[in-house]
Amino acid sequence: MQNISSSGDINRPQQTSDSALPKSIQQVDKGGGQSKSVDQPATKTPEYVRSLNSQDISQALLNLQKAVTPENKQILTTMLLYGVETSPEAFDLVEQAVKGSKKGNKLEASVIAYSKGLNANSKAVDLISKFLSHNMQFSRGLASLSSGLNQLKNGLSGFNAFLDPSLVAGVAGFLDDFIEDTKGLKKHADNLDIKGLFSKQTDLIQDLRYLKDFFKGIEKKLSSSNNLIADNLKEVIKKVEKQATEFHDVLLTQLILSKSPGNQQIAEEFFHYWMIPNPMATKAKDIQIMVSKDPKNKKKINPYKTKIVMKCETSDLGDLTIIIEIDDKKMAYKIYTSSELTKKFVIDEAPELKKSMEAMNYEVTTIQALKKVINIEKLLLPTVNLNTIKRISTEV
């Protein structure tokens with residue numbers, strides 16, 4: 001009988017046998033080469049190790065008192081993949097979350113949410129699902145919200161003759177603060193001021209919640225006016241409220257993805273995750289940034305011992321993934337690209353990179369340029385290699 005553990009391995013069972021072992025065994029005498037019978041304790045039960053297979057998954061489902069169906073097999077396998085405990089309670093929560101959704105990545109998103117302690121949070125599942133579908137973008141959300149806020153503010157003057165001027169003035173004043181915030185974010189992005197960007201994002205999460213509540217209050221007040229002009233303004237506000245919600249979701253997703261899983265054995269390191277606008281791209285695109293957490297305190301970053309991962313797209317060099325390992329004042333670079341020309345460019349520019357880092361009191365020990373595509377989601381959302389999971393059985 002085997003148990004599947006939350007760490008992704010098969011637990012070693014208690015060693016028992018169906019029949020007693022012989023009390024005496026044959027042992028070769030070192031002196032005369034003759035064998036003699038000696039009394040010894042029972043030998044250790046032999047163990048046989050093999051890879052996990054479909055029959056093991058089926059048996060695990062039966063142990064959980066679940067039907068052996070393709071759907072249930074997929075649920076259990078995905079739970080194993082993300083190092084989630086295969087308990088009846090965990091299975092039931094994941095099963096309930098994916099009920100009625102046969103397509104897409106809802107199962108994977110549900111298991112990831114559960115692994116991070118967000119057991120029954122449907123909002124978290126939806127946001128993770130959007131991220132996995134690559135249907136979430138910081139720069140696009142920021143541009144949309146900024147445009148909507150400006151359009152709403154500029155159009156308010158047209159409602160002065162029909163609505164309470166103090167109400168219109170109050171809305172305009174409230175919008176000014178958020179318009180300045182979006183301008184500040186854009187400025188930090190253009191200057192690649194990472195620290196300023198991260199600081200602004202943290203404040204905006206709460207501020208956007210206030211903005212949405214403010215819009216709801218205004219909509220309620222406009223609904224009671226029985227005025228067609230008021231209805232028109234209400235529709236405009238609803239549109240901006242939706243844009244604020246979408247951008248708020250992007251910021252929340254970063255927090256969710258940065259949350260470490262409950263199973264700390266699934267990976268050697270865990271990361272904080274951010275998206276920022278890419279000033280080097282011609283269209284609205286993001287730079288994805290990951291910074292490894294301090295092993296001793298997962299809420300903090302040790303600037304003297306960390307790993308930085310950046311993924312971006314440039315108009316000249318194409319897709320780039322840069323991994324920087326920092327050890328005190330030493331830095332090691334690995335730069336991944338799908339282009340042979342970009343690889344050559346990185347090698348040619350390596351001396352200049354070393355020189356620029358020396359000016360900041362950093363020693364660049366190595367710079368590797370590799371023609372290879374890296375999936376950073378595997379670092380951000382680590383999984384177990386199911387081929388390495390072993391089943392340990394005991395036999396007499």
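Just above, that's the structure.
Residues numbered from 1 in each chain as written. Predicted model: local features only at pLDDT ≥ 70, side-chain atom pairs only at ≥ 80, totals over all residues. Heavy atoms only, no water.

(A) Structural context of the layout of surface pockets. Roughly 970 Å³ of internal volume is contained in the largest pocket. Lining of the largest pocket is provided by 31 residues; of these, M310, I322, I324, Y333 and M357 occupy positions nearest its centre. Contributions of two or more residues to the lining of the largest pocket are made by β7 (286-292), β8 (305-314), β9 (318-327), β10 (330-337) and α10 (340-358). No other element matches α10, which puts 6 residues into the lining of the largest pocket. Within the lining of the largest pocket, the residues separate by chemical class into 28 nonpolar, 2 polar and 1 charged. (1 Å grid on protein atoms, 1.4 Å probe; cavity = no way out; pocket = protein on both sides within 12 Å on 5 of 7 lines; lining within 4 Å. Points joined across faces, edges and corners; volume = space filled by probe spheres on them. Helix = DSSP H or I, 4+ residues; strand = E, 2+ residues; numbered from the N terminus. Nonpolar A, V, L, I, M, F, W, Y, C, P; charged D, E, K, R; others polar.)

(B) How the structure looks around the sheet that holds strand β6 (residues 271-277). Read from one edge of the open sheet, 6 strands run β6-β7-β8-β9-β10-β11, paired in mixed fashion. Of all the strands in the sheet, the pair left with one neighbour each is β6 and β11 (363-371). The average undirected angle you get between the axes of adjacent strands in this sheet is 15 degrees. Where β9 and β10 come together, 8 bridges link them in antiparallel fashion. Bridging across to β10, I322 finds its partner in I335. Where α10 meets the sheet, its contacts fall on β9, β10 and β11, and the angle it forms with β11 comes to roughly 175 degrees. (Pairing = 2+ DSSP bridges. Axes fitted to C-alpha atoms, helices over the stretch in contact; angles between N-to-C directions. Contact = heavy atoms within 4.5 Å.)

(C) Region of the structure containing empty space enclosed by the protein. Per the stated rule, a full pass over the model turns up 3 cavities of 30 Å³ or more. Lining the largest cavity are Y82, I112, S115, K116, P261, I266, L380, L381 and P382. Residue composition of the lining of the largest cavity, by class: 7 nonpolar, 1 polar and 1 charged. Taken as a whole, the second largest cavity spans an internal volume of roughly 40 Å³. Considering the residues around the second largest cavity, the lining is formed by K116, L257, S258, K259, S260, P261, F270, F271, K293, L380 and P382. The residue makeup of the lining of the second largest cavity, split by class, is 6 nonpolar, 2 polar and 3 charged.

(D) Summary view of the environment of E246. Relative to the helices and strands, E246 resides in helix α9 (residues 228-258). Put simply, E246 and R140 are 106 residues apart on the chain and 9.9 Å apart in space, counted from C-alpha to C-alpha.

(E) Inspection of the nonpolar core at higher detail. Within the largest apolar cluster, 94 residues are counted, with the highest numbers of intra-cluster contacts made by L208 and F247. At 11 residues, the largest contribution of residues to this core is made by α9. Filtering out sequence-adjacent residues up to four positions away, F247 remains in contact with F138, G141, L142, L145, L185, L204 and L208. (Core = buried A, V, L, I, M, F, W, Y, C linked by side-chain atoms within 4.5 Å. Buried < 20%, exposed > 50% of the residue type's maximum accessible area, 1.4 Å probe, protein only.)

(F) Local environment of the pairing of β10. The turn linking β9 back onto β10 is made up of 2 residues, and D328 within it adopts a positive phi angle of 60 degrees. Pairing of β10 with β11, which is carried by 8 bridges, proceeds in the parallel orientation. Opposite M331, over in β11, you have V364 as the bridge partner. At this point the chain moves from β10, through α10, to the parallel β11, and the crossover so formed is right-handed. (Right-handed = clockwise from strand over helix to strand, strands pointing away.)

(G) Main features of the side chain of H248. Along the chain, H248 falls in helix α9. Of the polar contacts made by the side chain of H248, one reaches the backbone oxygen of I205; its length is 3.0 Å. Other than its neighbours up to four places away in sequence, H248 contacts I205, L208, R209 and K212. (Polar contact = N/O pair within 3.5 Å; in protein donor to acceptor, adjacent residues only side chain to side chain.)

(H) Up close: the packing of aromatic side chains. Evaluated as defined, the whole model comprises 6 aromatic pairs. Here F174 and F178 contribute two aromatic rings whose centre-to-centre distance is 5.5 Å and whose plane-to-plane angle is 45 degrees, an arrangement assigned as tilted. Linking F174 with F178, this pair stays in helix α7 (residues 165-190), spanning 4 residues, or about one helical turn. The partly exposed category is assigned to F174, whose relative accessible area is 25%. Residue F178 is classed as buried on the basis of its relative accessible area, which comes to 7%. When the ring of F214 is compared with that of F215, the centres are 6.3 Å apart and the planes differ by 50 degrees; the resulting orientation is tilted. Judged by relative accessible area, which is 23%, F214 ranks as partly exposed. Cluster of aromatic residues (ring-pair linked, three or more members): F174, F178, F214 and F215. Lying over the aromatic face of Y362, K329 brings its terminal NZ or CZ to 4.4 Å of the ring centre. (Phe/Tyr/Trp six-rings, centres within 6.5 Å; stacked < 30°, edge-to-face > 60°. Lys NZ or Arg CZ within 6 Å of the ring centre and 35° of its normal.)

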